[in-house]
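# What the coordinates show
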Amino acid sequence: MRVAVIGTGALGCIYAARLARHAHVSMLGTWTQGIEAIRAGGINVVEGDGRMWRAVVPVYTDPVGVDGVDVALVLVKSYQTARAAAWAGDLLEADGLAVTLQNGLDNYAALSSAVGEDRAGVGVTYNGATMLGPGEVHHVAHNLTYLGATPVTEKRVAAFAQLLDRAGLHTQVGQDIEARLWGKAVANAAINPLTALWRVTNGELLQTEDRRWLLTRLAEEAANVARTKGIVLPFEDPVGFVESVCRTTAANRSSMLQDVERGRQTEIDSINGIIVAGGRGLGVPVDINEVVWRLVRAL
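Bear in mind the structure is a predicted one, so any value in this text is a computation, not a measurement. (Residues numbered from 1 in each chain as written. Predicted model: local features only at pLDDT ≥ 70, side-chain atom pairs only at ≥ 80, totals over all residues. Heavy atoms only, no water.)

## Here's the deal with the overall build of the protein chain
Defined as follows: Think of it this way: any DSSP run of H or I at least four residues long counts as a helix, any run of E at least two long counts as a strand, and we number them from the N terminus. The quantity called the radius of gyration is restricted to C-alpha atoms. Its globule counterpart is 2.2 Å times the number of residues to the power 0.38. Residue contacts are defined here by distance: any two heavy atoms, one from each residue, within 4.5 Å place the two residues in contact. All accessible areas in this document rest on Shrake-Rupley with a 1.4 Å probe, and a residue is counted as covered only by the protein chains that are shown. Charged residues are defined narrowly, with Lys and Arg counted positive, Asp and Glu counted negative, and His plus the chain ends left uncounted. Just so you know, the charge point we use is NZ for Lys, CZ for Arg, CG for Asp and CD for Glu.
Of the regular secondary structure elements, the protein chain holds 11 helices and 12 strands. For 299 residues, the compact-globule formula gives about 19 Å, and the C-alpha radius of gyration of the protein chain, at 18 Å, lands near that figure. In terms of overall dimensions, the protein chain has C-alpha extents of about 50 × 40 × 30 Å along its principal axes. Of all intrachain contacts in the protein chain linking residues separated by at least 6 positions in sequence, the fraction that spans at least 24 positions is 68%. Taken as a whole, the protein chain presents about 12600 Å² of accessible surface, with 49% of it coming from carbon and sulfur. Here the protein chain contributes 27 positive and 31 negative side-chain charges, whose respective centroids are spaced 3 Å apart.

Quick look at the structure:
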């Protein structure tokens, strides 16, 4: 299978490196330092137990010169989705599949608009990774990935899921992906802004009563928006779920924390911002989400 991984950040590096052992993989991105490092020395992966290994993956700054691919995996920041979706459209074979595993609730619409609904897929991953430097990544948390399938995309999604499994990226396929997306959104809305504001790992959010109070309010508000929209979340207790994510990804430095530390734009609009907009439209209180949304934007 020919796969293009669009994005050279932490998850892009993890997925490209692992898939390169089992498929023909190319990477595309715009981060100059990351691209130069991968070209010079490959992708260096540090496992949770400290083991290190390297994968050599060709990397490009645009689709020109890249052969057509069966799968385009989009792993860029949400505010970069439009460009990445256009690249995916340029790269895909006629029967190819573009898949987003990004944070946020607004990426699939942009992707399907660019490549067509019959060639678009969406999923959720709970893998956690931290950039140690350009081309060097720590795979902190090995957790499940979920892919959604429709009758039109089912066979192609299943084939990609099997490839991910062979690469050690354990994956489940189902038709309840909207519930999974909102489940991840609840976790992201609670965890990401607080880790970014306090400069702490996911696990450190559980260490004090004040931190847990805010974590609880954020999770409950986001879950209330989802339920009011008619989403049946994949858990009954949103607070318990978010706390379990904090524990299973305890050492992870969230992507939003990494962005703030590097002085980069964050995905706060596609995470808490969407929940705030949804709550306002539905008459659901989202006051705490609005406060942290504005605090992170103010950074």
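## Quick word on the packing of helix H6 (residues 177-198) against helix H11 (residues 287-298)
Applicable threshold: Axes, fitted as lines to C-alpha atoms, cover a helix only where it is in contact. Angles between the N-to-C directions of the axes lie from 0 to 180 degrees. For classification purposes, angles smaller than 35 degrees are called roughly parallel, those larger than 145 roughly antiparallel, those between 65 and 115 roughly perpendicular, and all remaining angles oblique. Take the far helix as the reference: if the near one is turned anticlockwise from it by less than a right angle, the crossing is left-handed, and if turned clockwise, right-handed.
The N-to-C vectors of H6 and H11 enclose an angle of 40°; their axes lie 10 Å apart at closest approach. Considering the angle they form, H6 stands oblique to H11. Here H6 runs over H11; the crossing is left-handed. Within the contact between the two elements, H6 uses Ala189, Pro193, Leu194 and Leu197 and H11 uses Asn289, Val292, Leu295 and Val296.

## A closer look at the side chain of Asn289
Note the threshold: Three exposure classes are used, based on accessible area relative to the maximum for each residue type with a 1.4 Å probe and protein chains only: buried under 20%, partly exposed in between, and exposed over 50%. N or O atoms within 3.5 Å of each other form a polar contact, as long as, within protein, one can give a hydrogen and the other can take it, and as long as residues adjacent in sequence are counted only when both atoms are side-chain atoms.
Along the chain, the position of Asn289 falls in helix H11. Classification of Asn289 as buried rests on a relative accessible area of 0%. A polar contact of 3.4 Å, which involves the side chain of Asn289, links it to the backbone oxygen of Leu218. Those residues in contact with Asn289 that sit more than four places away from it in its chain are Ala189, Leu218, Glu221, Ala222, Asn272, Ile275 and Val276.

## Notes on the sheet that holds strand S7 (residues 92-100)
Stated formally: By this definition, two strands are paired if DSSP reports at least two bridges between them.
Taken in spatial order, the 8 strands make up an open sheet running S5-S2-S1-S6-S7-S8-S11-S12, and their pairing is mixed. Edge positions in the sheet fall to strand S5 (59-60) and strand S12 (171-174), since each of these pairs with one other strand and no more. As paired strands, S7 and strand S8 (residues 120-125) are joined by 3 bridges and run parallel to one another. When the bridges of S8 are listed, Val99 appears paired with Gly121. Docked against the sheet, H6 engages S8 and strand S11 (145-148), running at close to 45° with respect to S8.

## Side note on the pattern of salt bridges
Counted only if it meets this: What counts as a salt bridge is simple: a side-chain nitrogen of Lys or Arg found within 4 Å of a carboxyl oxygen of Asp or Glu.
Applying the stated criterion across every chain, the model contains 12 salt bridges. It is possible to trace a salt-bridge network through shared partners that takes in Arg2, Asp70 and Glu93.

## Some thoughts on the sheet that holds strand S9 (residues 128-133)
Here 4 strands make up an open sheet; going across it, the order is S4-S3-S10-S9 and the pairing mixed. In the strand order of this sheet, the two ends are held by strand S4 (52-55) and S9, each with one partner. Across this sheet, the average inter-strand angle for adjacent strands is 30°, counted without regard to direction. Pairing geometry for S9 and strand S10 (residues 136-141), over 5 bridges, is antiparallel. Bridging from a neighbouring strand, Gly128 pairs with Ala141 of S10.

## Section: the nonpolar core
Stated precisely, the cut-off is as follows: Definition of nonpolar core: a set of buried residues of the types Ala, Val, Leu, Ile, Met, Phe, Trp, Tyr and Cys, connected through side-chain atoms within 4.5 Å.
Counting 42 residues, the largest nonpolar core has Ile191, Leu215 and Val242 as the members making the most contacts within it. Among the elements of the structure, S8, H6, helix H7 (209-228), helix H8 (238-248), helix H9 (255-261), helix H10 (268-282) and H11 are those that each provide at least two residues to this core. For this core, the leading source of residues is H6, giving 10 residues. Residues in contact with Ile191, not counting those within four places in the same chain, are Asn202, Leu205, Leu215, Val242, Val245 and Cys246. Within the second largest apolar cluster, 38 residues are counted, among which are Ala55, Ala149, Ala167 and Leu169.

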